[in-house]
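Observations on the model geometry
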Amino acid sequence: MTSAERREQLLVTSRELFAERGFEGASVEEIAARAGVSKPVVYEHFGGKEGAYAVVVDREVRTLHDSIRVALTTPGAGSRELLERGALALLDYIDQCPDGFRILARDSSLQGPGGSFASILSDIAVQVEDILGTEFSRLGHDPQFAGLYAQALVGLVAMTGQQWLENREPDRLVVARHLINLAWNGMAHLKPEPRLIIEVLDSRKNHTEDAATA
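Residues numbered from 1 in each chain as written. Predicted model: local features only at pLDDT ≥ 70, side-chain atom pairs only at ≥ 80, totals over all residues. Heavy atoms only, no water.

This brings us to the environment of R102. Here R102 shows up in helix α6 (residues 98-107). Measuring from C-alpha to C-alpha, the distance between R102 and Q162 comes to 8.4 Å, with 60 residues separating the pair along the chain. The residues contacting R102, other than those within four sequence positions of it, are A19, L165 and E166. (Helix = DSSP H or I, 4+ residues; strand = E, 2+ residues; numbered from the N terminus. Contact = heavy atoms within 4.5 Å.)

Turning our attention to the packing of helix α1 (residues 3-25) against helix α3 (residues 39-46). Relative to each other, α1 and α3 sit at 100°, their axes nearing to 10 Å. As summarised for this structure, α1 and α3 are arranged roughly perpendicular, according to the angle between their axes. Residues S3, R6, R7, L10 and L11 of α1 form the contact with α3, whose own contacting residues are V41, V42, H45 and F46. Of the residues assigned to the contact of α1 with α3, the class counts are five nonpolar, two polar and two charged. (Axes fitted to C-alpha atoms, helices over the stretch in contact; angles between N-to-C directions. Parallel < 35°, antiparallel > 145°, perpendicular 65-115°, else oblique. Nonpolar A, V, L, I, M, F, W, Y, C, P; charged D, E, K, R; others polar.)

On to the domain arrangement of the chain, then. Each domain of the chain was delimited in the assignment, giving domain 1 (1-47) and domain 2 (54-198). One C-alpha centre belongs to domain 1, the other to domain 2, and the line joining them spans 31 Å. Taken together, the contacts link 13 residues of domain 1 with 12 residues of domain 2. Overall, the association of domain 1 and domain 2 removes approximately 980 Å² of surface from exposure, summing both partners, and the carbon and sulfur fraction of that is 57%. Considering only the surface of domain 1 that becomes buried against domain 2, L11, R15 and A19 emerge as the three largest contributors, covering 55% of it. Connecting domain 1 to domain 2 are two salt bridges. Seen at the junction of domain 1 and domain 2, the total is four residue pairs in polar contact (both at pLDDT 80 or more). Top contributing element to the side of domain 1 that touches domain 2 by residue count: α1, with 12 residues. Residue composition of the side of domain 1 that touches domain 2, by class: five nonpolar, two polar and six charged. (Domains from an automatic or database assignment. Buried area = accessible area lost by both parts, 1.4 Å probe. Salt bridge = Lys/Arg side-chain N within 4 Å of Asp/Glu carboxyl O. Polar contact = N/O pair within 3.5 Å; in protein donor to acceptor, adjacent residues only side chain to side chain.)

Structure, rendered in structure tokens:
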């Protein structure tokens, strides 16, 4: 292996171990043994367990932030659609990167306040606050409370996501429908069979494409 390939292999191995056992439960010895190398190789690349953990957490934070940022800045999307896309982006990350989510949700704060899961969710809530602030102003509500609602909304999705991680039931789309149903409509106006705007748009797009090829 080249040095870069070895480093990547060690990061993949470290990520698996940190997800399984947490930071405290993993060791340099285990990382080295699982990767089939000697302990000095791990120290050479990362200086120890802490260095490997820092790189793993940084990667996961960037992956999650990037996906949420893309979702919340979709051109031409309305406020509700942006929230739907944001919720689905978080659920997609949980579904596709379960090890990464376990690491972030469990003890990423070991790398400092900026790497804590609460801090990550707070950063996402800032983006959601802008969306809700616009919607509040349009509806005549006081936009100064948009931040409070944004924190509650992001927390709702994140906490549900942590529970959903363990069995992935029901399907993520069904989970997103009901999360948005509660977040957007409120308990007093829940829809018995909620759907996402995204689903409606996709259905119309597919219908149009089918008609064009018929």
